[in-house]
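Given next are the chains, with one letter for each unit.
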Amino acid sequence: MSIVPTNGQQGRVSDPFSLDLWDPVDVLNPFSHGFPFPSFLSSEIFPYLGTQLNCVETPSAHVYKAYLPGVSRDEVIVFIDDDRMLQISTENGNFMSRFKLPENARTDEIQGFTDNGMLVVTIGKDVAQRPNVRDVEITE
């Protein structure tokens, strides 16, 4: 314990091992203040900052979900290019994300819909054929 006044704490006893002390490294730590974006960045400056993306593989399809708050169905552009890249973007260019499709993705089986800002894109996939397996009886 220290009774030396620090940081204008006249006459108060302070613990040098307290976690309440100012930490100069914490100011430089990007994980301490709303990583990856500081809290002073608002949705007015970066309107698609709240966008969340998710990719899930089910037994029969690849499902891509994007939460695009405030974006209507008519403002969303979804396409697959010749390099098997799925691109999800907005018409005004404020948001764009690309995904490399796996080899088993069937680009001719694609569906998409929106509901309250949630875009769901479903791409069918080739179901792996089970090899013809037979049991062999082993005799003595």
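Residues numbered from 1 in each chain as written. Predicted model: local features only at pLDDT ≥ 70, side-chain atom pairs only at ≥ 80, totals over all residues. Heavy atoms only, no water.

## Description of the overall build of the chain
Just so we agree on the cut-off: Each helix corresponds to a stretch of at least 4 residues labelled H or I by DSSP, and each strand to a stretch of at least 2 residues labelled E; elements are numbered beginning at the N terminus. Three labels apply to residues, based on accessible area from a 1.4 Å probe with only protein chains included: buried if under 20% of the type maximum, exposed if over 50%, partly exposed otherwise in between. Calculation of accessible area relied on Shrake-Rupley with a 1.4 Å probe; when residues are assessed, cover is drawn exclusively from the protein chains displayed.
Across its full length, the chain carries one helix and seven strands. Traced from its N-terminal end to its C-terminal end, the chain shows the element sequence α-β-β-β-β-β-β-β. Looking at the 140 residues of the chain, the share that counts as buried comes to 22%. As displayed, the chain offers around 11,100 Å² of accessible surface, 53% of which is attributable to carbon and sulfur atoms.

## Considering the sheet that holds strand β7 (residues 118-125)
For clarity, the cut-off: Two strands pair if DSSP finds at least two bridges between them. Convention adopted: a line fitted to C-alpha atoms gives each axis, helices being fitted over their contacting stretch, and angles between N-to-C directions are expressed from 0 to 180 degrees.
Overall, antiparallel pairing links the four strands, which are arranged β1-β2-β7-β6 in an open sheet. Across the chains shown, the open sheet's two edge strands, defined by having one partner strand only, are β1 (52-57) and β6 (105-115). Averaged over neighbouring strand pairs, the angle between their axes works out to 15 degrees when direction is ignored. Here β1 runs beside strand β2 (residues 61-67); their pairing, made up of six bridges, is antiparallel.

## Re the side chain of Lys125
Cut-off, in case you're wondering: We define a polar contact as two N or O atoms separated by no more than 3.5 Å, with the added condition that, inside protein, one atom must be a possible hydrogen donor and the other a possible acceptor, whereas residues neighbouring each other in sequence contribute only through side-chain atom pairs. In what follows, residue pairs with any heavy atoms lying within 4.5 Å of each other are defined as contacts.
Within the element layout of this structure, Lys125 appears in strand β7. Its relative accessible area of 12% is what places Lys125 among the buried residues. Here the side chain of Lys125 touches Glu57 through a polar contact of 2.5 Å, side chain to side chain. Beyond its immediate stretch of four places on either side in the chain, Lys125 contacts Glu57, Thr58, Pro59, Ser60, Ala61, His62, Asn104, Ala105 and Arg106.

## Re the pairing of β6
Both faces of the sheet carry side chains from a regular strand, because those side chains alternate between them. Both β6 and β7 contribute to a ladder of seven bridges, which runs antiparallel. Bridged to Ala105 within β7 is Lys125. Where β6 folds back on β7, the antiparallel hairpin that results is connected by two residues, among which Asn116 adopts a positive phi of roughly 55 degrees.

## Remarks on the sheet that holds strand β5 (residues 96-100)
Spatial strand order, β3-β4-β5: three strands in an open sheet with antiparallel pairing. Only two strands of the sheet have a single partner each, and these edge strands are β3 (76-80) and β5. Across this sheet, the average inter-strand angle for adjacent strands is 10 degrees, counted without regard to direction. Relative to β5, strand β4 (residues 85-90) runs antiparallel, the two being bridged by five bridges.

## Details of the environment of Cys55
Counting through the fold element by element, Cys55 comes out in strand β1. With relative accessibility at 43%, the residue Cys55 sits in the partly exposed group. Here the alpha-carbon distance between Cys55 and Phe99, two residues 44 residues apart in the chain, equals 9.3 Å. Not counting residues up to four positions away in its chain, the partners in contact with Cys55 are Val63 and Tyr64.

Function-wise, these values are silent; they only describe arrangement.
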